[in-house]
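Next come the chains, spelled out residue by residue.
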Amino acid sequence: MTDASPARYDCSVLLGAYLDAVGEFATLNGKTGAEAESAYASWSPDAVIRSKSRLAYLAGLEGLFGVDLGLPDPLSGSGDARHRVLLIFLHKAARVYRAIGTPLDGYMEAGLLVRAMEDVGISEAVIDSCARMQRPAETLRRQHLELLGTVLRGLLGERADAVYALDDPAAADIVVPEPWDPWAS
């Protein structure tokens, strides 16, 4: 979600950073601290830097907005029981959002897969089926983003409409992760 430096920090930027962090914690199987460092041992140095910068970005935005979104475990989030129940719902909705897609999503290069499908005579039918799934998947993603935005705004309360300029002193320590181009390496 974090593709470029934002023009300003607002609720939508916080949501994007949250969705990125949910993905990072899913990759780490919810591990933190020493367990996360152990998991990182098998990653490339660039992947470790990207992961840690996404998590640090969310932490900086949480501080800016004065909210703890309870990652990786919403039950450990701050606030009363009602607040934690909302964090659990936000986390579940984020995981569902991240799972929406088609079977062909996520391939950077699917040449071998397409050739294997051609070998058994199914490539055209499979590609057509996945293409037809794309529009409903995009609609579902938009609907989930609306829902996630609504829940996040509820959690933020009076801070939901807060907007911070990039040069705001309160935002001085927030470092936006660099966009990653897998083909640049």
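A. Expanded view of the pattern of salt bridges. Counted according to the given criterion, the structure contains 6 salt bridges. Put simply, D10 and R8 hold a salt bridge, and the shortest N to O gap is 3.4 Å. Judged by its relative accessible area of 14%, D10 is buried. In this structure R8 comes out as partly exposed when scored by relative accessible area, which is 40%. Measuring nitrogen to oxygen at the nearest pair gives 2.9 Å for the salt bridge that ties E37 to K52. Here the residue E37 occupies a position in helix α2 (residues 33-40), and K52 occupies one in helix α3 (residues 45-65), the gap between them amounting to 15 residues. On the basis of relative accessible area, E37 is assigned to the partly exposed category, the value being 42%.

B. A look at the environment of K31. Tracing the backbone through its elements, the reader meets K31 in the loop between α1 (11-27) and α2. Along the chain, K31 and S76 lie 45 residues apart, while their C-alpha atoms are 13 Å from each other. Leaving out residues up to four positions away in the same chain, K31 has contacts with F25, A36 and A39.

C. Looking closely at the environment of S38. Looking at where S38 falls in the secondary structure, it is placed in helix α2. As a C-alpha pair, S38 and L28 span 10 residues in sequence and 9.9 Å in three-dimensional space.

D. Up close: the packing of aromatic side chains. Counted by the stated rule, this structure contains 2 aromatic pairs. Aromatic side chains Y40 and W43 sit 4.8 Å apart centroid to centroid with 85° between the ring planes, which places their arrangement in the edge-to-face category. Residue classification places W43 among the partly exposed residues on the basis of a relative accessible area of 22%.

E. Examining the nonpolar core more closely. With 41 residues, the main nonpolar core has Y9, L14, L61 and L69 as its most contacted residues. At the level of elements, α1, α2, α3, α4 (81-99) and α6 (123-156) are the ones that each hand at least two residues to this core. Ranked by residues supplied to this core, first place goes to α1 with 10 residues. Those residues in contact with Y9, other than ones at most four positions away along the chain, are Y57, L61, L64, F65, A162, V163, Y164, A165, L166, A171, I174 and V176.

F. The arrangement of the packing of helix α5 (residues 111-119) against α6 in detail. Relative orientation of the contacting elements α5 and α6 amounts to 125°, with a least axis distance of 7 Å. Classified by the angle between their axes, α5 and α6 sit oblique to one another. Together, V114, M117 and E118 of α5 and S123, V126 and I127 of α6 make up the contact between the two elements.

G. Up close: unusual backbone geometry. With an omega of 5°, the peptide bond between L71 and P72 qualifies as cis. Looking at where P72 falls in the secondary structure, it is placed in the loop between α3 and α4.

H. Summary view of the confidence of the model for the protein chain. Summary statistics for the protein chain give a mean pLDDT of 89 and a share of 95% for residues scoring 70 or more. Mean pLDDT across the elements of the protein chain bottoms out in α2 (84) and peaks in α6 (96).

I. Region of the structure containing the environment of M133. In this structure, M133 sits in helix α6. In sequence terms M133 and I88 are 45 residues apart; their C-alpha atoms lie 29 Å from each other. Setting aside residues no more than four positions away along its own chain, M133 makes contact with T102 and P103.

Rules and cut-offs
Residues numbered from 1 in each chain as written. Predicted model: local features only at pLDDT ≥ 70, side-chain atom pairs only at ≥ 80, totals over all residues. Heavy atoms only, no water. Salt bridge = Lys/Arg side-chain N within 4 Å of Asp/Glu carboxyl O. Buried < 20%, exposed > 50% of the residue type's maximum accessible area, 1.4 Å probe, protein only. Helix = DSSP H or I, 4+ residues; strand = E, 2+ residues; numbered from the N terminus. Contact = heavy atoms within 4.5 Å. Phe/Tyr/Trp six-rings, centres within 6.5 Å; stacked < 30°, edge-to-face > 60°. Core = buried A, V, L, I, M, F, W, Y, C linked by side-chain atoms within 4.5 Å. Axes fitted to C-alpha atoms, helices over the stretch in contact; angles between N-to-C directions. Parallel < 35°, antiparallel > 145°, perpendicular 65-115°, else oblique. pLDDT = per-residue confidence, 0-100.

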